[in-house]
Amino acid sequence: MKGKKIADYINVDTINLDLKSKNKNAVIKELYEGIKNNNSVKNEELGLNDIYAREEMGSTGIGKGVALPHAKTKAVDGLIITFGISKNGIEYDSLDEENVKIFFMFLCPEGNTQEYLKVLARISRWIKEDKFRENLLKAKTGEEIVEIIKMEEN
């Protein structure tokens, strides 16, 4: 992440502002489809299985309507991040038991622990701000999402 911003790792084409899934496993799969279609995942099955395995260790629903499904995996060579919104919210076993509307999903190569932890810490810090979450939920396009994230990073 030396000098790189989180926005640099997000491909706008993978962003989904109208997730249709009704439950946790389905929404993870739906978000993952976006990443997968980006051709940056070497082993699609492994990547998805690693996200599910991480989720089994403890919910990535961190509260305030936000979840960060993620995994360190051999399925990717570089950090990949995508974003999604569920307008109705999804039951996600969150820490605060609230439904989740905002999803940041990321895959990180197994060796990049520092990069991985930086992404987790940064996003976790941002989502504490009501204004940041409100802006994400109001966004109409993937480009707007990336702009909101860029503004937060500056």
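This is a predicted model, so every value here is computed, not measured.

### Here we look at the confidence of the model for the protein
Then step 1. Model confidence for the protein is summarised by a mean pLDDT of 92, while 98% of its residues fall at 70 or above.
Then step 2. The spread of mean pLDDT over the elements of the protein runs between helix H3 (residues 113–126), the lowest at 88, and helix H4 (residues 130–138), the highest at 97.

### Digging into the packing of H4 against helix H5 (residues 142–153)
How two helices sit against one another is set out by the angle between their axes and by the gap between those axes.
Then step 1. For the pair H4 and H5, interaxial distance at closest approach is 9 Å and the crossing angle is 160°. The angle between H4 and H5 places the two elements in the roughly antiparallel class. As for how H4 packs across H5, the hand of that crossing is right-handed. Here Phe 132, Asn 135 and Leu 136 of H4 come into contact with H5, specifically with Ile 145, Ile 148, Ile 149 and Glu 152.
Then step 2. Of the residues belonging to the contact of H4 with H5, the class tally is five nonpolar, one polar and one charged.

### Things to note about the side chain of Thr 60
Then step 1. Within the element layout of this structure, Thr 60 appears in the loop between helix H2 (44–57) and strand S1 (61–63).
Then step 2. Side-chain polar atoms of Thr 60 contact the side chain of Tyr 92, separated by 3.3 Å.
Then step 3. The contacts of Thr 60, once residues within four sequence positions are left out, are Arg 54, Glu 55, Val 66, Ala 67, Leu 68, Pro 69, His 70 and Tyr 92.

### As for the packing of aromatic side chains
Then step 1. For the structure on display, the rule yields four aromatic pairs.
Then step 2. A centroid spacing of 5.8 Å and a plane angle of 65° characterise the contact between Phe 106 and Tyr 116, whose relative ring orientation is edge-to-face. Remark: Tyr 116 occurs in helix H3 and Phe 106 occurs in strand S5 (residues 100–109); sequence separation between them is ten residues. Each member of the pair Phe 106 and Tyr 116 is classed as buried.
Then step 3. When the ring centre of Tyr 9 is taken as reference, the NZ or CZ atom of Lys 4 above it lies at 4.6 Å.
Then step 4. When the ring centre of Tyr 92 is taken as origin, the NZ or CZ atom of Lys 24, which lies over that ring, is 4.8 Å away.

### Describing H2
Then step 1. Taking 1.5 Å of rise per residue, 14 residues should cover 20 Å, and H2 covers 21 Å from first to last C-alpha, within 8% of that figure.
Then step 2. Taken together, the buried positions of H2 are Gly 47, Leu 48, Ile 51, Tyr 52 and Glu 55. Projection of H2 onto a plane perpendicular to its axis shows the buried side chains occupying an angular sector of 130°, all on one side. In H2, the exposed positions angled more than 90 degrees off the buried face are occupied by Glu 45, Glu 56 and Met 57.
Then step 3. Taken together, the buried residues of H2 touch helix H1 (24–36), S1, strand S3 (70–73) and S5.

### A few points about the pairing of S5
Then step 1. Across the ten residues of S5, nine count as buried, placing the element largely inside the fold.
Then step 2. Sheet topology note: the S3/S5 ladder contains four bridges and is parallel. Its bridge partner being in S5, Ala 71 is matched across the sheet by Leu 107.
Then step 3. Pairing of strand S4 (residues 80–90) with S5, which is carried by seven bridges, proceeds in the antiparallel orientation.

### What about unusual backbone geometry?
Then step 1. At Asp 93, a residue that is not glycine, the phi angle is positive and equals roughly 55°.
Then step 2. Structurally, the position occupied by Asp 93 is in the loop between S4 and S5.
Then step 3. A positive phi is found at Glu 97, a non-glycine position, where the angle reads about 65°.

### Topic: a negative patch on the surface
Then step 1. On the surface, Glu 91, Asp 96, Glu 97 and Glu 98 cluster together to form a negatively charged patch.
Then step 2. Considering the arrangement of structural elements, one finds Glu 91 in the loop between S4 and S5.

About the cut-offs
- Residue numbers run consecutively from 1 along every chain, following the written order of its sequence.
- Only residues with pLDDT of 70 or above have their local features reported here, since the model is predicted, and side-chain atom pairs are shown and tallied only from 80 upward, although totals for entire chains, interfaces and linings are computed over all residues.
- Note that the side-chain values use all heavy atoms of the structure and ignore hydrogens as well as water.
- For every residue, the predictor assigns a confidence score, pLDDT, that lies between 0 and 100.
- Secondary structure elements follow DSSP: runs of H or I of four or more residues count as helices, runs of E of two or more count as strands, with numbering from the N terminus.
- Under this scheme, a helix contributes an axis fitted over its contacting stretch, all axes are lines through C-alpha atoms, and angles between N-to-C directions fall in the 0 to 180 degree range.
- Should an angle fall under 35 degrees it is called roughly parallel, over 145 degrees roughly antiparallel, and 65 to 115 degrees roughly perpendicular, with every other angle called oblique.
- Handedness of a crossing follows from how the near helix is turned relative to the far one, being left-handed for an anticlockwise turn of less than a right angle and right-handed for a clockwise one.
- We call two residues in contact whenever any of their non-hydrogen atoms come within 4.5 Å of each other.
- All amino acids are sorted into three groups, where Ala, Val, Leu, Ile, Met, Phe, Trp, Tyr, Cys and Pro are nonpolar, Asp, Glu, Lys and Arg are charged, and the leftover types, Gly among them, are polar.
- Counting of polar contacts relies on pairs of N or O atoms within 3.5 Å, with two restrictions inside protein: one atom must be capable of donating a hydrogen and the other of accepting it, and residues adjacent in sequence are counted only when both atoms are side-chain atoms.
- Pairing of aromatic side chains here covers Phe, Tyr and the six-membered ring of Trp, requires ring centres within 6.5 Å, and sorts the geometry by plane angle: under 30 degrees stacked, over 60 edge-to-face, intermediate tilted.
- For each residue, the accessible area found with a 1.4 Å probe, counting protein chains only, is set against the maximum for its type, and the residue is called buried under 20%, exposed over 50%, and partly exposed in between.
- Cation placement over rings: the criterion is NZ of Lys or CZ of Arg within 6 Å of the ring centroid and within 35° of the ring normal.
- A helix is expected to span 1.5 Å for every residue after the first.
- The arc under discussion is defined with respect to the helix axis, by the directions toward the C-beta atoms.
- Any two strands are treated as partners once DSSP identifies two or more bridges connecting them.
- Residues form patches when they are more than 30% accessible in relative terms and have no salt bridge. Like charges link within 9 Å. Nonpolar side chains (Val, Leu, Ile, Met, Phe, Trp, Tyr) link within 5 Å.
- Every accessible area reported is derived by Shrake-Rupley at a probe size of 1.4 Å, with residue values counting cover from the shown protein chains alone.
- Put simply, a salt bridge is a Lys or Arg side-chain nitrogen that is within 4 Å of an Asp or Glu carboxyl oxygen.
- We count Lys and Arg on the positive side and Asp and Glu on the negative side, and we leave His and both chain ends out.
- Note that the charge is assigned to NZ on lysines, CZ on arginines, CG on aspartates and CD on glutamates.

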